[in-house]
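# Observations on chain architecture
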Amino acid sequence: MELDRRDFLKFSTAAFAGMALSGCVLKKLIESDEAEAPWPPGPERWIASVCQQCPGGCGINVRVIDGRAIKIDGLPFHPINRGRLCAVGQAGLQVLYDPDRIKGPMKRIGGRGSSKWQSLSWDEAIQTVAAKLTEIRGRGEPHTVAILAGQPRGLMDRLLARFLEAYGSPNYVRNSCDGTAKAVLLTQGIDTQVGYDLENSNFILSFGYSLLETGWSPVLAHRVYGYLRQERPGAKAKIVQVEPRLSMTAAKADQWIPINPGTDGALALGLAHVIVREGLYDRKFVEEETFGFEDWRDGDGTSHLGFKSVVLKGYRLDEVSTITGVPVETIIRVAKGFAREKPAVAIAERGASMHTNGLYTRMAIHCLNALVGSIDVPGGVVLPPEVPFTSWPPPEGDSIARKGRSMPRIDHAGTALFPLAHHVVSQVPQSILRGDPYPISALFLYYTNPIYSAPEAVGFAKAFEKVPFIVSFSPFMDESTAQADLILPDHTYLERWQDDPVSTVMKSPVLGIRRPVVKPLYDTKHTGDVVLGIAKAMGGKVAAAFAWDDFEGLLKEAAKAIFHDAGGTLFSPPFEEVQIKALGERGWRLPTYKSFDEFWQALVERGGWWEPAYHFSGGHGLFKTASGKFEFYSLHLRRTLERAAAGKPVDELLKKLGVAARGDRAFLPHYEPPRFIGEEKDYPFHLNTYKPATYAGSRGASQPHLQEIAGIPVGLKWDSWVEVNPKVAKQLGIVDGDWVWVESPLGKFKTQARLYPGAMPNVVNMPMGQGHKAYGRWAQGRGANPNQILGEERDGLAGFVAWYATRVRLSKA
Amino acid sequence: MADARHSHDPDAALFQPILRTGKGFYVTAGALGAVAAWAIFAWLYQLTHGLGATGLGRPIYWGLYITNFVFFIGISHAGTLISAILRLCQAEWRRAITRSAEVITVLVLFFGVGNVLLDLGRPDRALYVIRYGNLRSPLLWDVMSITMYLTASTIYLYLPLIPDIALLRDRVTKRRRLYRLLALGWTGSERQQRRLEVAISIMAILVIPIAVSVHTVVSWVFAMTIQPGWHSTIFGPYFVVGAIFSGIAALIIAMGIIRRAYHLGHYLRLVHFNNLGLLLLAMSLLWFYFTFSEYLTTYYGGEPREMAVFYAKLSGKYAPFFWAMVVTNFVIPLVILSNRRTRTVAGTIVASASVTIGMWLERLTIVVPSLANPRLPYARGLYMPSWVEWSMMAGFFAMFILLYMCFTKVFPIVSIWEIREGREKGLAEAQERIESYLPGGGVVREG
Amino acid sequence: MPRWGMVIDLDKCTGCQACVVACRVENNVPFAGSEQAEMGRAIFWIEVLSIVEGEYPNVRTRFIPRPCMQCDHPPCTAVCPTGATYKNDEGLVAQIYPRCIGCRYCTNACPYTVKFFNWFKPQWPAEMRNFNPDVAVRPVGVVEKCTFCHHRLQKAKEQVKIEGRELREEDYVPACVQTCPTKAMYFGDLDDPKSTVAHLAKSTRTFRLLEDLGTEPKVYYLSEGEWYGGRKA
Ligand SMILES: Nc1nc2c(c(=O)[nH]1)N[C@H]1C(S)=C(S)[C@@H](COP(=O)(O)OP(=O)(O)OC[C@H]3O[C@@H](n4cnc5c(=O)[nH]c(N)nc54)[C@H](O)[C@@H]3O)O[C@H]1N2
Ligand SMILES: Nc1nc2c(c(=O)[nH]1)N[C@H]1C(S)=C(S)[C@@H](COP(=O)(O)OP(=O)(O)OC[C@H]3O[C@@H](n4cnc5c(=O)[nH]c(N)nc54)[C@H](O)[C@@H]3O)O[C@H]1N2
Ligand code: SF4
Ligand code: SF4
Ligand code: SF4
Ligand code: SF4
Ligand code: SF4
Ligand SMILES: [Mo]
């Protein structure tokens, strides 16, 4: 027995040793390359800057440790977001630290799009561009140089435009997504976006303005929404969302009114019909502050139609109901609510505007505001003053420049082709392809990726082939940049100096200062500095137009005017802010800083400046029209069209522009039946390509955190999908998660179907943002891009791309 | 190698497997070894890649491994428990089958525990359950009761082995050292025999509550949570019944194979299969009774969250598994075993195979559907085990069979001394006992 | 001892998921990637559930952000064999990563499905390894979940000590609450009668998820109109 006990001991010791050992071995295996060296946290700083994942302009506060950005938070005292951020803003570090960023200037060495690149130094790169541009100028063709700009915030916009002016080209072409500005121009004579005083509204009637997903400042809209829902004392504001899709906004509204796409104008005028007929409109405002409500006579005695006759004679509710698909009772109820529960405001953005009848639709919607007197009153349409930057004298330019910039624009904006447009990006490819009015010899891409984000049918990819020299400023290898000859990568928004003036989303002008939160990670360069460098390298009058050493200096100088003006306040804690606001409202200006340098330092540290005080004018302050009033009958439109018709009858021009109305009606808001691509019998569904809250335009797909939350409402991640009404899907034999072909007359693609009761039976919805062919490891080759099958249709007057005009059919794949 | 002296021994056949090993054994062992080796590769793969190598995800956090854990632990009730009960009841027919049953228990327990280890995200920290043990956790109860069960079962297997080992020590030329060591100096003296019998009886009594506790506690791992489909008071007995049920089935299969492979038809006779078959039938009915009352109460209560799981099993994604379980656990055994004509050796083996599959499915339909239908909405997916999980499962079965085979090569799989004892004393004893049941016979001790 | 709690006003919540991303960045939660996300391996300490009900055109959508409920009677802690998850003295249900054996018993015992497992060693491209040093990066094979940004409490306490004052409500704000753009989320001491959360928790609009389970969640929801007591959720 002795022996056995010893054996037992031996055994058990061995067993335990074995277990302990295997524990260690296992640990080794499991945590193979663990070596997660505890990262020594160094000094920590919080740096104020501005988000640029969307145009929202939210202030950010970035936690930086050892020169690495750790977390983006909201900037507490920023008047737009008050310390809050949206999902996209929160994900911003994945833009900065995207491993697939372009790490320095590169030139193409293989064929176009062959992705063979060679690095070069910034000096070389800038010299190359300067030489090229000088050569083009030498040929006397500076106008053949164009810049396409997507998100040129603040002074970058002015700088790019000025560069071309000094150089000698009229072809600064910018994305313009806003239907509102045009409606405001036609009725109020001001060529700008307006804001809405939503906090004080009691009735918000939104025509497809998906405030809680996209829009001009999503976080601001969210803040206001939360406030209206549960914080504002007194009666709750009513929110009505008119939209073909149950968007997040529609879901959170008090009422969702599904509407047939492209028919918002009819609904708006139907509402006006009720309001006018029932005498519910603001008589005092309409009488005193508007023009063209009643029928009227002009100087030579010709009688003209007024808004009232238009809406009363047409727009019978049964007709409107048939067109829009909105029941008559609903129209009546909403109209009464809108007119009675004041202040009420009618808002809209791309959803209603981006159709072939967009301009008139947008006008019709805006006229609702005038009907109820909601212009420049609390709770209505407001117009914040601009940020008082130092203005620049126009660049003098030499004779070549003067000649060049007097040439017609490549996009035909403002001509008889698009009489009301300033920028028509979608016209550029056609012009290039046809050499109309002339060929383009160099194209610069700033913050835009048209090959991806414009309908393929518009033809950017083909047009690029015809441009001998393409330069992209993008820090990312997107589809368009992949076709460039030269890439001059910009810093990302967390590495650069930039102003971000936001003057359209609230009552106040807000100037956020974007400043580098970390040192640039790679050999990139601020596009502003590159442009200044190119100008300098070209010398002469071009260089002379730019007195600044770098963009930071340019920005600093522009801010001097704010310092001297001494109005407004830097972002400050609530207590201070209330005081300054009260004083400002009484007209006080308080110069708080002794010197500009002191002011500048504080401006940068606090993150920006704004003007909290606002003076409501009750309307008249906002009318810069010929009549000095709000024009239901747009004299501006008439004048513009007459000018564009150049002596020929306006009706002829209208026909060419694809406008159905003739005579006075063409100058009044009215409903034009929208044109669609594809016949209803072959292509029974409208394709609504919306922008989900969790993408940042075409840019969100490269950010994995956003990819991973993208389709929460439909339970899908990292992919695209098409939303189909469940009953319709059943008829088609499609079940949730099936792969389907989405086919338009222009082509088809495959994606997953999601049954969604928030889809109208005649509309299918698809988020835009996936289906990249480039743009890094996370974006590339995932889902489908609806732009590949969208057709090319536009609003003839304003040049809006009719994004929502393509019809499709579905079939099981 | 056969010892000529003993060729006239009536039980010589029982030594044969130990004395002679045919080609079939090596081929089978080789094949099983290959599967086991593959499993080891899969295991290393899982270790280095993390549990991501499985098909698990949220919310289905447990899958094949835990199913197999419950299944294996269930099978373990074959041996010790059944043999203990039969021993205590002095069922004479037990003599030929207890050993093969007990071996199942001891071996299969390792694989049960192995499955839990496989399922751990951090097997390297497995001993933390001792170091930081939280007594409130049913998993800790499991650790305790399984350890106890394993110890008791091993002793319980070992004790009746001692006389046989002594036999081997005396008769077989190979592995002398081992046999000598394990025989613990057994001489077969009266004293030793008495002591052994007492020890065996004590263990038999001890082992029953432990075995019952084991599967009760295993069931409590589920029942102690408040998850729909798990939080049930009858889970304890339900699991124990299921365990014995599957244990008997496993035993019958093992016996069938042994009988065939080692030509032990004389020892493992129709009566064994018949009796076990009847036991299996009884368990099948009992199992059905439990299943029925479990699901009826759920259905009758109609609590929505419970019903979600209920329907997932009866008509939803897991319906094929559920109904296959009902067929294999109830319909097939009922049909085969309730009919004397089909309750043959082959018949009981078929029924047992069916039950084995059925009980595995039962474990699966207990573990997975509850997880797949959490209370709050969540994108629910169907769980598909990965190649690693299938490989580990195949590997564990292979290793189990391999070890079992090896056991039969080292120790007699039918208890020789007990058979002899039965032959020598059993008859008289049984006669006496039977008489005692009858009026007028034996000594009546009335309370 | 304060009893930290959260209130989420569902009437305000738009399902924007800012809270989700904020939490991920703050707490060094890696993204899973498309394949792994598909398998249910994406980790979201807070997640927005969305429920779409009804038929066109009468459709109702609800968004419910769901962090860990920090139950006062947590079903997840009792079952943990190693005590790697436990309720600390301040009522926060915490995880000790180095002690977790990865059995995932707690994930299955949690009726809210808010515990997550590290199926793989968390992976980031080298460029993205900019971690919050206040939060441990989890190793492979352990369970994690919302901590109510406990590290922020630690930091706040240190700060308060330096400044020699009492902890105020605004000193300790979790990342999700801080960013919520509609201010739908509130956070504070439920036992402090002056706090907003204590006040809101008593509102008639209040309910808690799966309240009938007796888990005593410390996350309260406010809703408008009828709500199925969390049942329907
Ligand atoms: N998160 C986020 N915010 C963004 C952006 C982003 O990409 N992401 N992009 C920014 C940019 S560049 C812009 S231009 C703005 C755009 O902001 P919005 O002007 O709000 O435009 P979209 O988001 O395109 O939304 C258009 C909506 O119109 C609806 N719609 C489609 N057809 C019709 C119709 O016929 N009638 C009506 N009534 N509705 C219709 C669609 O369902 C969709 O919800 O958002 C900006 N903000
Ligand atoms: N189907 C469909 N298509 C649409 C829309 C839709 O609703 N439906 N919406 C349209 C609208 S409103 C718009 S505004 C467009 C937007 O589309 P785009 O004009 O293409 O603009 P973005 O998507 O904002 O970004 C474009 C590019 O900017 C580059 N970029 C990113 N960061 C930086 C930086 O820091 N510096 C520089 N210089 N470049 C950078 C990236 O390469 C990116 O590819 O899409 C339009 N396309
Ligand atoms: S709303 Fe726009 S600017 Fe504001 S945080 Fe979101 S992405 Fe950034
Ligand atoms: S919600 Fe789940 S994880 Fe959180 S404390 Fe409660 S039971 Fe535990
Ligand atoms: S997974 Fe970790 S925390 Fe959860 S029960 Fe197991 S050991 Fe405890
Ligand atoms: S409290 Fe902190 S850990 Fe919890 S969900 Fe919010 S951010 Fe994430
Ligand atoms: S951040 Fe706020 S509004 Fe957005 S989903 Fe989360 S709780 Fe809701
Ligand atoms: Mo846009």
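Structure report, in brief. (Residues numbered from 1 in each chain as written. Chains lettered and ligands numbered in written order. Predicted model: local features only at pLDDT ≥ 70, side-chain atom pairs only at ≥ 80, totals over all residues. Heavy atoms only, no water.)

### Details of the pattern of salt bridges
Considering all chains together, one arrives at 71 salt bridges over all chains under this definition. With a shortest N-O distance of 3.1 Å, Glu418 of chain B and Arg87 of chain B are connected by a salt bridge. Of this pair, Glu418 of chain B sits in helix H16 (residues 416–437) while Arg87 of chain B sits in helix H4 (residues 79–88); the two residues are 331 residues apart in sequence, bridging distant segments of the chain. Residues participating in the shared-partner salt-bridge network are Arg3, Asp72, Lys87, Asp191 and Lys218 of chain C. (Salt bridge = Lys/Arg side-chain N within 4 Å of Asp/Glu carboxyl O. Helix = DSSP H or I, 4+ residues; strand = E, 2+ residues; numbered from the N terminus.)

### Observations concerning the packing of helix H10 (residues 235–261) of chain B against helix H14 (residues 345–372) of chain B
Residues and elements named next belong to chain B. Running from N to C, H10 and H14 cross one another at 140 degrees; their axes reach a closest spacing of 8 Å. Overall, the two elements H10 and H14 adopt an arrangement that is oblique. For the pair H10 and H14, the crossing hand works out as left-handed. Its residues assigned to classes, the contact of H10 with H14 shows 15 nonpolar, 6 polar and 3 charged. (Axes fitted to C-alpha atoms, helices over the stretch in contact; angles between N-to-C directions. Parallel < 35°, antiparallel > 145°, perpendicular 65-115°, else oblique. Left-handed = near helix turned anticlockwise from the far one by under 90°. Nonpolar A, V, L, I, M, F, W, Y, C, P; charged D, E, K, R; others polar.)

### What about the site of ligand 6?
Close to ligand 6 lie 13 residues, the nearest being Cys23, Cys146, Cys149, Pro174 and Cys176 of chain C. For the shell around ligand 6, a count of residues per class yields 11 nonpolar, 2 polar and no charged. (Near = heavy atom within 4 Å.)

### Regarding a nonpolar patch on the surface
All names here are of chain B. A grouping of Phe292, Leu296, Tyr299, Tyr300 and Tyr311 is seen on the molecular surface, where their side chains present a nonpolar patch of about 620 Å² in accessible area. With 4 residues, the top contributor of residues to the nonpolar patch is helix H11 (residues 270–301). Inspection of the secondary structure assignment puts Leu296 in helix H11. (Patch = residues over 30% accessible without salt bridge, like charges linked within 9 Å, V, L, I, M, F, W, Y side chains within 5 Å. Areas by Shrake-Rupley, 256 points an atom, 1.4 Å probe, with all protein chains shown as cover.)

### Section: the sheet that holds strand S10 (residues 219–222) of chain C
All names here are of chain C. The sheet built from 4 strands is open, its strands ordered S8-S1-S10-S9 with mixed pairing. In the strand order of this sheet, the two ends are held by strand S8 (185–189) and strand S9 (206–207), each with one partner. Direction of pairing for strand S1 (residues 4–9) relative to S10: parallel, over a ladder of 4 bridges. Within S10, the position partnered with Val7 by the bridge is Tyr220. (Pairing = 2+ DSSP bridges.)

### Remarks on the nonpolar core
Within the largest apolar cluster, 381 residues are counted, with the highest numbers of intra-cluster contacts made by Leu205, Phe207, Phe307, Leu368 and Leu371 of chain A together with Phe222 of chain B. Dropping the residues within four chain positions of it, Phe222 of chain B is found in contact with Trp62, Ile66, Val70, Trp230, Phe235, Phe239 and Val367 of chain B together with Tyr105 of chain C. Judged by nonpolar contacts, the second largest core, of 60 residues, contains Ile126, Leu133, Val531 and Val542 of chain A. (Core = buried A, V, L, I, M, F, W, Y, C linked by side-chain atoms within 4.5 Å. Buried < 20%, exposed > 50% of the residue type's maximum accessible area, 1.4 Å probe, protein only. Contact = heavy atoms within 4.5 Å.)

### A word on the interface of chain A and chain C
How big an interface is tends to be stated in terms of accessible area lost as the parts join. Each partner contributes to the interface: chain A provides 64 residues, whereas chain C provides 61 residues. With both sides pooled, the region where chain A packs onto chain C buries about 5,200 Å², and carbon together with sulfur makes up 57% of that total. Its largest share of buried area at the contact with chain C, chain A owes to Arg84, His705 and Glu708 of chain A, together 12% of the area lost on that side. At the boundary of chain A and chain C, one finds 8 salt bridges. (Buried area = accessible area lost by both parts, 1.4 Å probe.)

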